[in-house]
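Listed below are the residues making up each chain.
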Amino acid sequence: MAILVQDIRESFESSPFYNHMGIEILHFEEHSVKIKLSIKEHVLNANGTLHGGVHATMLDFIQGMLLRSITKTRCATMNLNVQYLAAISEGDIFAEANVLQLGYKVAFMEGEIRDFSGKILAKGTGTFKVIRD
């Protein structure tokens, strides 16, 4: 039975952690995924800015989502590197990703988070295991 992109999207949308974070899928097609997070008080750190763990979570989600939209199979994060470039305290943020290299069992991905004006807030690269059943 073939796995549909819509099934993959629904698997993310039904994830308790995804819902807890408040992430919203704006666009989910094969080779093209975009997500959004509206910043709320519960995702701010002691400095009153978006917590770095939220950046990392969004980058992990967007890279995994894009990879799954392409491979139609499960994947697991092996490594995630995040560069924090600018702070933000309110508004909406958006994440998108690209494939750097896709092998049969390993994928190298990159993602970025921007604010509404397009200012880059964080970039990240990830290594993912492609799980082939």
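These remarks concern the structure in this document.

Each value, and the rule that gives it
Residues numbered from 1 in each chain as written. Predicted model: local features only at pLDDT ≥ 70, side-chain atom pairs only at ≥ 80, totals over all residues. Heavy atoms only, no water. Helix = DSSP H or I, 4+ residues; strand = E, 2+ residues; numbered from the N terminus. Rg over C-alpha atoms; globule rule 2.2 N^0.38 Å. Buried < 20%, exposed > 50% of the residue type's maximum accessible area, 1.4 Å probe, protein only. Contact = heavy atoms within 4.5 Å. Areas by Shrake-Rupley, 256 points an atom, 1.4 Å probe, with all protein chains shown as cover. Lys, Arg positive; Asp, Glu negative; His and termini not counted. Charge placed at Lys NZ, Arg CZ, Asp CG, Glu CD. Axes fitted to C-alpha atoms, helices over the stretch in contact; angles between N-to-C directions. Parallel < 35°, antiparallel > 145°, perpendicular 65-115°, else oblique. Left-handed = near helix turned anticlockwise from the far one by under 90°. Nonpolar A, V, L, I, M, F, W, Y, C, P; charged D, E, K, R; others polar. Phe/Tyr/Trp six-rings, centres within 6.5 Å; stacked < 30°, edge-to-face > 60°. Lys NZ or Arg CZ within 6 Å of the ring centre and 35° of its normal.

### Overview of the overall build of the protein
In step 1: The helix and strand tally for the protein stands at three helices and six strands.
In step 2: The N-to-C order of helical and strand elements in the protein reads α-α-β-β-α-β-β-β-β.
In step 3: Relative to a compact globule of 133 residues, whose C-alpha radius of gyration would be 14 Å, the protein shows 14 Å and is just as compact.
In step 4: Taking the principal axes of its C-alpha atoms as reference, the protein extends roughly 45 × 25 × 25 Å.
In step 5: When each of the 133 residues of the protein is scored for burial, the buried share is 41%.
In step 6: Counting only contacts in the protein whose residues sit at least 6 apart along the sequence, the fraction spanning at least 24 positions is 62%.
In step 7: Entry remark: accessible area of the protein is about 7300 Å², with carbon and sulfur atoms responsible for 51%.
In step 8: Within the protein, one finds 13 positive and 15 negative side-chain charges whose respective centroids are separated by 6 Å.

### Thoughts on the packing of helix 1 (residues 5–13) against helix 3 (residues 52–71)
In step 1: Their axes nearest at 10 Å, the elements helix 1 and helix 3 cross at an angle of 155°. It follows from the interaxial angle that helix 1 and helix 3 lie roughly antiparallel. Here helix 1 and helix 3 pass one another in a crossing that is right-handed. For the pair helix 1 and helix 3, the contacting residues are Val5, Ile8, Ser11 and Phe12 in the first and Phe61, Gly64, Met65, Arg68 and Ser69 in the second.
In step 2: When its residues are assigned to classes, the contact of helix 1 with helix 3 shows five nonpolar, three polar and one charged.

### Describing the environment of Lys36
In step 1: The residue Lys36 is located in strand 2 (residues 32–38) in this model.
In step 2: Judged by its relative accessible area of 18%, Lys36 falls in the buried class.
In step 3: Lys36 sits 77 residues away from Ile113 along the chain, and the two C-alpha atoms are 9.2 Å apart.
In step 4: Those residues within four positions of Lys36 in sequence are excluded, and the remaining contacts are Gly22, Ile23, Glu24, Leu26, Met58, Asp92, Ile93 and Phe94.

### Remarks on the packing of aromatic side chains
In step 1: For the coordinates displayed, the defined rule picks out five aromatic pairs.
In step 2: Each ring, one from Phe12 and one from Phe61, has its centre 6.1 Å from the other, and the planes form 70°; the classification is edge-to-face. On the criterion of sequence distance, the pair formed by Phe12 in helix 1 and Phe61 in helix 3 is long-range, its members being 49 residues apart.
In step 3: The exposure class assigned to Phe12 is buried, which follows from its relative accessible area of 11%.
In step 4: Residue classification places Phe61 among the buried residues on the basis of a relative accessible area of 12%.
In step 5: With a centroid separation of 5.7 Å and 80° between ring planes, the pair formed by Tyr18 and Phe61 is classed as edge-to-face. Of this pair, Tyr18 sits in helix 2 (residues 16–21) while Phe61 sits in helix 3, placing them 43 residues apart in sequence. Judged on exposure class, the residue Tyr18 and its partner Phe61 are both buried.
In step 6: Here the aromatic residues Phe12, Phe17, Tyr18, Phe28 and Phe61 are joined through ring pairs into a cluster of three or more.
In step 7: Directly above the aromatic system of Tyr104 lies the positively charged group of Arg132, at a separation of 4.5 Å from the ring centroid.

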